[in-house]
Amino acid sequence: DYTGRPNLGARRPGSGDGRSLVLSGHVDTVPRGTQPWTRDPFGGEIEGNRLYGRGANDMKGGVATSLFVVEAIAKLGLELEGDLVFETVVDEEFGGSNGTLAGRLAGFNGDAAIIPEPSFLRICPAQRGGRTAHITLRAPGGVLTEGKFPTGVLEQVRYFLTKLQDFAAARCARVRVNQFYKHHPDPVPVSVTKIFTGPWGTTEPITIPEVCRLEIYWQTMPGEMQQEVEREFFEWLEAITAAAPELFAAKPQVEFPIRWLPGSFIPASEPLVTELTSCAAEVLGRRPPVVGIEGPCDMYIFHEFGIPAVLWGPRGGNTHAADEYLELDSAVAAAKTLLLFVCRWCGAAIPDFEAVASTLPRSFPSRT
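Cut-offs applied
- Residues numbered from 1 in each chain as written.
- Predicted model: local features only at pLDDT ≥ 70, side-chain atom pairs only at ≥ 80, totals over all residues.
- Heavy atoms only, no water.
- Salt bridge = Lys/Arg side-chain N within 4 Å of Asp/Glu carboxyl O.
- Helix = DSSP H or I, 4+ residues; strand = E, 2+ residues; numbered from the N terminus.
- Buried < 20%, exposed > 50% of the residue type's maximum accessible area, 1.4 Å probe, protein only.
- Disulfide = S-S within 2.5 Å.

Below, the discussion takes up the pattern of salt bridges. According to the stated counting rule, one finds 18 salt bridges in the structure shown. In this structure, the salt-bridge partner of Glu 294 is Arg 122, at a minimum N-O distance of 2.9 Å. Of this pair, Glu 294 sits in the loop between strand 13 (290–293) and helix 6 (299–304) while Arg 122 is found in the loop between strand 6 (113–115) and strand 7 (123–127), placing the two residues 172 residues apart along the sequence. For Glu 294, a relative accessible area of 34% corresponds to the partly exposed category. Relative accessible area serves as the criterion here: at 16%, Arg 122 is assigned to the buried category. For Lys 251, the salt bridge is made with Glu 238, and the minimal N-O distance between the two is 3.7 Å. Of the two residues, Lys 251 sits in the loop between helix 4 (226–242) and strand 11 (253–255) while Glu 238 sits in helix 4, which places them 13 residues apart along the sequence.

Each disulfide consists of one covalent bond between the sulfur atoms belonging to two cysteines. Applying the stated criterion to the full structure yields 0 disulfides. Cys 346 supplies the cysteine sulfur nearest to Cys 343, a cysteine that is in no disulfide, at a spacing of 8.3 Å. On the accessibility criterion, Cys 343 (1% relative accessible area) is buried.

And the structure:
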């Protein structure tokens, strides 16, 4: 339901003689959840070099760097040769990507795109794919019985988790690792992200659980196809349940709550990658790593539309967790790099960063 959740797209026209660029970022966040925050999740509190809040790192900080660049260009009176597009989209966090798709269909496109996901000041031309499965296990529970003490669903859970390690190992052995993930110690991780057997507390009866719901999340390499990955999973699940019929009188139920997200990448030789790397090296004083990001996102939509795109954004922590934060100095470095790149890519005079600093709001901490 997109009621009250609009996309925003704006185009600053160039003279027509240069390359165009899209700065696109999502403004939806994961829920606050029930995690134990020690700060107001929506307070934007600043402590030292950190700004705290839900979405601060993923990815309001990145969106802010893009918006700052657009405003700085306007305030400095820079004339661009190519168009500059600024875009915010919804529907990224739960795998929809319809906001990003809508932006492409609405025509907010360009010769390249930069998405300011929290890449930790790394240039990421690749994203992993992702698949989330909800698995329900069932078995008789209770407490008092004649004979052996009941184990309910717990033996199924123990067996399932042990065998899941085999599924992860088999994927790691089989999958061809993309060039941007060859350095990674676990290029195709398989994770358990939730285990739930029932409500907690003394207001609930003491009993052996009859139902367990597990959330399994595994990531994929660029090039892997949905049908291939799902077939691999269901063949593994069928094999482990068939090998233990005494445990699985009822077959596990599987649901996919979030759509399939494919992995995607562009070559490191793309001008977008090489020129952004050069700009980042000038600002940071060192060459940034060029690697794949450790998760899925909406970048693949740009790639499928034939638009080269990379991820470039600031550093932070506790992403999707309590006390999520953005590191402010990295946001400044990301913004400086992005401004320099926009001027070179779209064709404009390179600004004096001291003049750029004068465009910052007076309420910003002096260190920025």
